[in-house]
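Chain residues, written in single-letter form:
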Amino acid sequence: MEVIKEMIPVVERLKREGYVKSEKVIQALLKVPREGFLPEGLKEYAYLDTPLSIGYGQTISAIHMVGMMCEALDLKEGQKVLEVGTGSGYHAAVVAEIVGKDGLVVTVERIPELAERARKVLKKLGYDNVIVVCGDGTLGYPPLAPYDRIYVTAAGPKVPKPLIEQLKDGGKMVIPVGKDLQELILLEKKGGKIFKKKLCDVAFVPLIGEEGWKEY
Ligand code: SAM
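Residues numbered from 1 in each chain as written. Predicted model: local features only at pLDDT ≥ 70, side-chain atom pairs only at ≥ 80, totals over all residues. Heavy atoms only, no water.

Colleague: For the site of the ligand, give the residues involved together with the corresponding values.
Modeller: As a structural note, the neighbourhood of the ligand is formed by 27 residues, with Ser 88, Glu 109, Asp 136, Gly 137 and Ile 208 the closest of them. In this structure, an oxygen atom belonging to the ligand sits 2.6 Å away from a side-chain N or O atom of Ser 88. The separation between a nitrogen atom of the ligand and a polar main-chain atom of Arg 110 is 3.3 Å. Starting from 600 Å² of accessible surface for the ligand in isolation, the protein chains cover 99%. Going through the elements one at a time, strand E2 (58-60), helix H4 (90-99) and strand E4 (104-109) are the ones with two or more residues in the shell around the ligand. (Near = heavy atom within 4 Å. Polar contact = N/O pair within 3.5 Å; in protein donor to acceptor, adjacent residues only side chain to side chain. Areas by Shrake-Rupley, 256 points an atom, 1.4 Å probe, with all protein chains shown as cover. Helix = DSSP H or I, 4+ residues; strand = E, 2+ residues; numbered from the N terminus.)

Next comes the structure, spelled out in structure tokens:
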């Protein structure tokens, strides 16, 4: 895919501010047309680095958040990645650019209308290495587990146990945890042990499900 020229100044700023540094994340952000994932009427704001409404009370993540989470995950070509919270499908497309044709992104969304819309957009843009599943992502997606990387784009009360179980040994997970005050956590599984590190404070929509908030 071509470089999106409106994205160049955004990515230059993210580089200066330290959100992104690796060439693979920079190139992926430059190539994915964010406007394609936005509803009509909001497409003109696609290259503003801010979350935007995608309907159903949900949002497309800000560009710096997508870049930062990709950097923290240390994604590599050929990896199998689980995303919980497809939303618009934008973040999944950026990850799909990085893991490439030999990799796979499995993304789970609980709202059927959003899952269907993301599935259509991703197909139209040629992201054959993304599978959109409609369901409760707090339970992960066992049929394609284990995963090299897992990331969650909604904040729950804790790290869901099924996600820890479905992460490969040597794997990494990025997940926001909390309600009013949320922390973005980087979790690594090494030799069967779990290591956690706080990355920063964040504000995500709620993770609703069996291993998330029951209601909000
Ligand atoms: N990364 C997305 C993007 O780029 O558009 C943004 C995702 S939005 C901030 C979070 C999404 O998580 C929402 O679409 C919401 O419906 C979804 N969600 C919340 N709880 C979920 C769950 N248990 N399983 C799957 N999706 C969930």
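Colleague: Describe the UniProt feature "active site" (unreviewed entry) in the protein, listing the residues and the values that go with them.
Modeller: When the UniProt feature table is mapped onto this chain numbering, "active site" (unreviewed entry) sits at Ser 61. Take Ser 61: it is sitting in the loop between E2 and helix H3 (63-73). Setting aside its immediate chain neighbours within four residues, Ser 61 contacts Arg 34, Thr 50, Pro 51, Val 66 and Phe 204. (UniProt positions renumbered as here; feature names shortened; annotations may be inferred. Contact = heavy atoms within 4.5 Å.)

Colleague: Any details on the nonpolar core? Residues and values, ideally.
Modeller: Ranked by size, the top nonpolar core spans 54 residues in total, and within it Met 7, Leu 29 and Tyr 90 carry the most contacts. Taken together, the elements giving at least two residues each to this core come down to helix H1 (7-16), helix H2 (23-31), strand E1 (52-55), H3, H4, helix H5 (112-124), strand E5 (130-134) and strand E8 (182-190). Apart from residues no more than four positions distant in its own chain, Tyr 90 is found in contact with Met 7, Leu 29, Val 32, Arg 34, Phe 37, Ile 60, Ile 63 and Val 66. Counting residues in hydrophobic clusters, the runner-up holds 19 residues, among them Val 108, Ile 150, Ala 154 and Leu 163. (Core = buried A, V, L, I, M, F, W, Y, C linked by side-chain atoms within 4.5 Å. Buried < 20%, exposed > 50% of the residue type's maximum accessible area, 1.4 Å probe, protein only.)

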